Amino acid sequence: MGMRGARKTWIVAAAAGLAVAGAVPVVAAVTQDDEGPAETTARESGERGALVDAEPFFSLADGEAAADELTGNGFDASHAEHGVDLWRLTYRTVDAEGAPTTASGVLALPRDAGQRLRAVSYAHGTEVDRGAAPSVNRGFATAPPVAYASAGYAAVAPDYLGMGEGPGPHPWMDVPSETTASLDLLRAARAFASEEGRELAPEVLVTGFSQGASAALGLGRELRDGGDDYFGLGALAPVSGGYDFAASQLPAVLDGRVAPQWAVAYSAYLLVAFDRLHDVYETPADVFRAPYADTVEELFGGDHPGEEVMAGLPGSLDELLTDEGRRLLAEPTGAMADALAELDGVCSDWDPEAPLTLWEATDDEQAVNENTDACLASFRAAGVDPDRRDLGEVDFEGSRHIGSHVAAVPEIIHWFDGIS
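All residue numbers here refer to positions counted from 1 along the written sequence of the relevant chain. Note on the predicted model: pLDDT of at least 70 is required for a residue's local features to be given, and 80 or more for side-chain atom pairs to be given and counted; whole-chain, interface and lining totals, by contrast, use all residues. Hydrogens and water are ignored here; the side-chain numbers use all heavy atoms of the structure.

1. Some words on the overall build of the protein chain
(1) Moving on: By definition, any uninterrupted DSSP run of H or I lasting at least four residues is a helix, any uninterrupted run of E lasting at least two residues is a strand, and each is numbered from the N terminus. Counting secondary structure elements, the protein chain contains 15 helices and 13 strands.
(2) Moving on: A 1.4 Å probe and the Shrake-Rupley method give the accessible areas. Residues count as covered only by the protein chains that appear here. Here the protein chain displays about 15200 Å² of accessible surface, and carbon together with sulfur accounts for 47% of that area.

2. Notes on the packing of aromatic side chains
The description of an aromatic ring pair rests on the distance of the ring centres and on the angle between the ring planes.
(1) Moving on: Between the rings of Phe, Tyr and Trp (Trp by its six-membered ring), a pair exists once the centres lie within 6.5 Å; its type follows the angle of the planes, with under 30 degrees stacked, over 60 edge-to-face, and the other angles tilted. The tally for this structure, following the rule as stated, stands at 16 aromatic pairs.
(2) Moving on: Both rings, one in tryptophan 359 and one in tryptophan 415, keep their centres 6.4 Å apart while their planes meet at 80 degrees; by these two values the pair is edge-to-face. On the criterion of sequence distance, the pair formed by tryptophan 359 in strand S12 (residues 357–360) and tryptophan 415 in helix H15 (residues 400–417) is long-range, its members being 56 residues apart.
(3) Moving on: Looking at tryptophan 415, the relative accessible area reads 13%, which means it is buried.
(4) Moving on: Taken together, the ring pairs connect Trp172, Phe245, Trp262, Tyr266, Tyr269 and Phe300 into an aromatic cluster.
(5) Moving on: Two thresholds decide whether a charge sits over a ring: the Lys NZ or Arg CZ must be within 6 Å of the ring centre and within 35 degrees of the ring normal. When the ring centre of phenylalanine 58 is taken as origin, the NZ or CZ atom of arginine 138, which lies over that ring, is 3.9 Å away. Burial status follows relative accessibility: with a 1.4 Å probe on protein chains alone, a residue under 20% of its type maximum counts as buried, one over 50% as exposed, and anything between as partly exposed.

3. Topic: the nonpolar core
(1) Moving on: Core analysis: the biggest nonpolar cluster contains 85 residues, and Phe288, Phe300 and Leu313 have the highest contact counts within it.
(2) Moving on: Of all the elements, helix H7 (residues 260–278) adds the most residues to this core, at twelve residues.
(3) Moving on: Residue contacts for leucine 313: discarding those within four places in its chain leaves Val264, Ala265, Ala268, Tyr292, Val296, Leu299, Phe300 and Leu320.
(4) Moving on: Buried residues of nine kinds, namely Ala, Val, Leu, Ile, Met, Phe, Trp, Tyr and Cys, make up a nonpolar core once their side-chain atoms join them within 4.5 Å. Ranked by size, the runner-up nonpolar core spans 43 residues in total, among them Ala151, Ala237, Val239 and Trp359. By definition in these notes, contact holds between two residues if any of their heavy atoms fall within 4.5 Å.

4. Here's the deal with unusual backbone geometry
In terms of backbone geometry, most residues other than glycine have negative phi values and most peptide bonds are trans.
(1) Moving on: Residue alanine 290 is joined to proline 291 through a cis peptide bond whose omega torsion reads 0 degrees.
(2) Moving on: Mapped onto the fold, proline 291 is located in the loop between helix H8 (284–287) and helix H9 (296–299).
(3) Moving on: One non-glycine residue, glutamate 353, lies in positive phi territory at about 55 degrees.
(4) Moving on: Within the fold, glutamate 353 resides in the loop between helix H13 (334–343) and S12.
(5) Moving on: Unusually for a residue other than glycine, glutamate 397 sits at a positive phi of about 50 degrees.
(6) Moving on: Here glutamate 397 lies in the loop between strand S13 (387–390) and H15.

5. A few points about the confidence of the model for the protein chain
(1) Moving on: Per residue, pLDDT captures the predictor's confidence, and it can take any value from 0 to 100. In this model, the protein chain carries a mean pLDDT of 91, and residues with pLDDT of at least 70 account for 89%.
(2) Moving on: For residues 5–42, every residue scores under 50 in pLDDT, and the model assigns this stretch 77 contacts once sequence neighbours within four places are set aside.

6. Some remarks on the packing of helix H2 (residues 63–72) against helix H3 (residues 143–150)
(1) Moving on: A fitted line through C-alpha atoms serves as each axis, taken over the contacting stretch for helices, and the angle formed by two N-to-C directions is quoted from 0 to 180°. Two elements in contact, H2 and H3, have axes whose closest approach is 10 Å; the angle formed by their N-to-C orientations is 150 degrees. In terms of orientation, H2 and H3 fall into the roughly antiparallel class. Considering only the axes of H2 and H3, their crossing is left-handed. Residues Ala66, Glu69 and Leu70 of H2 pack against Ala143, Val146, Ala147 and Ser150 of H3.
(2) Moving on: Nonpolar residues are Ala, Val, Leu, Ile, Met, Phe, Trp, Tyr, Cys and Pro. Charged residues are Asp, Glu, Lys and Arg, and all others, Gly as well, are polar. Split by residue class, the contact of H2 with H3 holds five nonpolar, one polar and one charged. Put simply, angles under 35 degrees are roughly parallel, angles over 145 are roughly antiparallel, angles from 65 to 115 are roughly perpendicular, and the rest are oblique. Handedness of each helix crossing follows the sense of rotation of the near helix against the far helix: counterclockwise by less than a right angle gives left-handed, clockwise gives right-handed.

7. Some points on helix H5 (residues 211–224)
(1) Moving on: By this rule, a helix spans an expected 1.5 Å times one less than how many residues it contains. The end-to-end C-alpha separation of H5 is 20 Å, in line with the 20 Å expected for 14 residues at 1.5 Å each.
(2) Moving on: Judged by how many residues are buried, H5 sits mostly within the fold: eleven of 14 residues are covered.
(3) Moving on: In the core, the buried residues of H5 are packed alongside strand S7 (119–123), helix H4 (175–195), strand S10 (203–209), strand S11 (232–239) and helix H14 (370–381).

8. Quick look at the pairing of S10
(1) Moving on: Burial analysis of S10 places six of its seven residues in the buried class, the great majority of the element.
(2) Moving on: The pairing criterion for strands is at least two bridges between them, as found by DSSP. Pairing analysis gives four bridges linking S7 to S10, with the strands arranged parallel. When the sheet's bridge partners are listed, serine 121 is paired in S10 with valine 206.
(3) Moving on: Sheet topology places S10 next to S11; seven bridges connect them, and they run parallel. Residue pairing across strands places valine 206 opposite leucine 236, the latter belonging to S11.

9. A few points about the pattern of salt bridges
(1) Moving on: Salt bridge, as used here: a side-chain nitrogen of Lys or Arg that lies within 4 Å of a carboxyl oxygen of Asp or Glu. Per the counting criterion, the structure on display carries 19 salt bridges.
(2) Moving on: One continuous salt-bridge network, built from bridges that share partners, spans Arg48, Asp184, Arg187 and Asp228.

10. Here we look at the side chain of serine 182
(1) Moving on: Among the secondary structure elements, serine 182 is positioned in helix H4.
(2) Moving on: Under the relative-accessibility criterion, serine 182 is labelled buried at 2%.
(3) Moving on: Excluding residues that lie within four positions of it along the chain, serine 182 makes contacts with Pro158 and Leu219.

What follows is the structure in structure tokens.
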């Protein structure tokens, strides 16, 4: 979430099809012949997290240039002390069904901050256009990694599957694939940082906004559970997440507490994305009214800017959804219920064993605050007592939801700075 403008055997397939790499080697294998050594690097291997390509994205010469970049995009620049170099990394990962694929993301490294750096993994909010992802869209999308890097951290920002330069449609709100894409980018970033003479410390500080809040929790759990041989979880700072779709978010969408334009967009995106993975309807006409049944799946194919997507949708849920479409959201059963249970499990039955703070805005118009209530209740049921930070009535371009993102970044930097 955070838009501006039936799972198959994916775990088994991932284990069978690709090595689940821990520390990604810079040199995976070496052979010898009469011509001398021939290296097969990780860029040529099939390992998850193997670096395929690294391209310079843009650079900011010093802290003043980084501050100008941040303030120009509406972000606080009080922590900007270092110049920043950003790269677009393309790396190997697995898709939502466990098959080999590639994805892209950003690595931002601070200048003059030493050789060994603590890593911040930042997961962005909802976008419908692959061209709006951090690695291909300098501006608002890259401001958070610039903020963390200019404060002295190595910032890693996945685009997710099907975004940026990754192939295929984006599996929206699919925590398992957000988790694998995030972890594998960390592995690729570690390998590339080593090539640059830098070292990423093993304890990762994990944050994310809206859709990225769930992604952050997914990555946090994977790191806590030993999903990587090198990286572990240092702290968690999710912001304004949709942690409880079935019992909190979807009721708010349907009863008008979520602003109508967002209710329509999120309902359409959820149904289309879930059908691609979980087969939740037979045909679009079962859940979408004419003429939208003929256009909505292509509209959410990843190749339309947000403005085009919003223009292609109606102004109300009554115009968008059939009775069956509304029922599927109000009283989910079968594959829809199973998919929502997987999504809504991000806060349940686990202990991060690391500092955890949940951030939100007062009266969020997109991700209702009941989501955070439910997440806190789930963690407390597991014996965990997270901090909760209400950022207040923050606003950015008319949105408290986006405002929470902008307001949280400097607060989270300050919080991370206090974690040893």
